[in-house]
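Per-entry structural report
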Amino acid sequence: MNKKLILTIIVTTIMAVSAVFYAVVYISPWSIMYLYGQFCVPEPAEPSITEESFPFTLDYELNGKKKVIEDTMICKYTGSEWYGTSDEKSRTWGMKLKSGKDAVVLWEGKNKRGEQQRIVWGVDPAYFMGDGDDVKKYELPDKEYFFYPGMTAEEYYNTYIELETTESDGLTDEESLGKRKLLEKYGIKILNWECAPPIENSFQ
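Cut-offs applied
- Residues numbered from 1 in each chain as written.
- Predicted model: local features only at pLDDT ≥ 70, side-chain atom pairs only at ≥ 80, totals over all residues.
- Heavy atoms only, no water.
- Pairing = 2+ DSSP bridges.
- Helix = DSSP H or I, 4+ residues; strand = E, 2+ residues; numbered from the N terminus.
- Axes fitted to C-alpha atoms, helices over the stretch in contact; angles between N-to-C directions.
- Patch = residues over 30% accessible without salt bridge, like charges linked within 9 Å, V, L, I, M, F, W, Y side chains within 5 Å.
- Areas by Shrake-Rupley, 256 points an atom, 1.4 Å probe, with all protein chains shown as cover.
- Salt bridge = Lys/Arg side-chain N within 4 Å of Asp/Glu carboxyl O.
- Lys, Arg positive; Asp, Glu negative; His and termini not counted.
- Charge placed at Lys NZ, Arg CZ, Asp CG, Glu CD.
- Buried < 20%, exposed > 50% of the residue type's maximum accessible area, 1.4 Å probe, protein only.
- Phe/Tyr/Trp six-rings, centres within 6.5 Å; stacked < 30°, edge-to-face > 60°.
- Lys NZ or Arg CZ within 6 Å of the ring centre and 35° of its normal.
- Core = buried A, V, L, I, M, F, W, Y, C linked by side-chain atoms within 4.5 Å.
- Contact = heavy atoms within 4.5 Å.

**Description of the sheet that holds strand E6 (residues 159-166)**
Overall, antiparallel pairing links the 4 strands, which are arranged E4-E5-E6-E7 in an open sheet. Only two strands of the sheet have a single partner each, and these edge strands are strand E4 (104-110) and strand E7 (172-176). Each strand of the sheet is rotated relative to its neighbour by a mean of 25 degrees, with strand direction disregarded. In this sheet, E6 lies alongside strand E5 (residues 116-123) in antiparallel orientation, the contact comprising 8 bridges. Looking at E6, one finds that Gln 116 is bridged to Thr 166.

Quick look at the structure:
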């Protein structure tokens, strides 16, 4: 057997062993978890109402100028997913706007590095579809300091305002914004939030 053939066999063997090691250490655990979640974890009860529309109006000021956003949230049941932390899959929900926009945008601009930024108002569709957490189990914060006009305690826990930054690598960084920072840094003041109430849903 010549040296070239021996070297080829050695290199091929090393590559095969490396591939098996990588599969066992890195791929197999995730594959096992995925297969377990797909076929062994029970599905959650399905909602009797799977889609509903919620018209809303958001009044706010941007640097002293009044702005009004009127649109309709369309919330829809999208299935289930297992997050590896419970013995049952969780129901998943999606939300889109009737206007066709991808988000409720309060402000758009660029930071000092030239990265595109925008401030978005978001909600948890599960809450509006009658699948939210019980607000009673949370400690309620100071209403005057945290809540926005027109907002209920339930909406406070299921609504968020985020600064989205599209970085140079194409990834999006998200930062939660509070009432004070929203006003002091970006000149945004929420004046009123009105939205159709959540539905009463049942699951079976």
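**Digging into a negative patch on the surface**
A cluster of acidic residues, Glu 167, Asp 169, Asp 173 and Glu 174, forms a negative patch at the surface. Inspection of the secondary structure puts Asp 173 in strand E7. What makes Asp 173 partly exposed here is its relative accessible area of 38%.

**So, the packing of aromatic side chains**
Throughout the structure, instances matching the rule amount to 6 aromatic pairs. Measuring from centroid to centroid gives 5.4 Å for Trp 107 and Tyr 186, while their planes differ by 55 degrees, and the two rings are tilted. In this pair, Trp 107 is assigned in strand E4 and Tyr 186 in helix H5 (residues 179-186), connecting sequence segments 79 residues apart. Accessibility classification places Trp 107 together with Tyr 186 in one group, the buried group. Among the aromatic residues, those joined into a cluster by ring pairs are Phe 54, Tyr 127 and Phe 128. Sitting over the ring of Phe 203, Arg 91 keeps its end group 4.0 Å from the ring centre.

**Side note on the pairing of E5**
Most of E5 is tucked away: 7 of the 8 residues are buried. When E4 meets E5, the two strands line up antiparallel, connected through 6 bridges. Across the sheet, the residue bridging to Gly 109 is Gln 117, located in E5. Connecting E4 to the next strand, E5, in antiparallel fashion are 5 residues, including Gly 114 with a positive phi near 80 degrees.

**As for the nonpolar core**
In globular proteins that are soluble, nonpolar side chains generally tend to be buried together. Of all hydrophobic cores here, the largest spans 33 residues; its most connected members are Leu 106, Ile 119, Trp 121, Ile 188 and Ile 190. Top contributing element to this core by residue count: strand E1 (residues 51-62), with 5 residues. Residue contacts for Trp 121: discarding those within four places in its chain leaves Leu 58, Val 104, Leu 106, Tyr 148, Met 151, Thr 159, Tyr 160, Ile 161, Ile 190 and Trp 193.

**What to know about the sheet that holds strand E8 (residues 188-195)**
In spatial order, the strands read E3-E2-E1-E8; together these 4 strands make up an open sheet with antiparallel pairing. Because the sheet does not close on itself, it has two edges, and the strands there are strand E3 (90-97) and E8. Strand-to-strand twist in this sheet, taken as the mean axis angle between neighbours without regard to direction, amounts to 30 degrees. Note that strand E2 (residues 65-81) and E3 share 8 bridges and pair antiparallel. Paired with Tyr 77 across the two strands is Trp 93, which belongs to E3. Packing of H5 onto the sheet brings it into contact with E1 and E8, and relative to E8 it is tilted by some 130 degrees.

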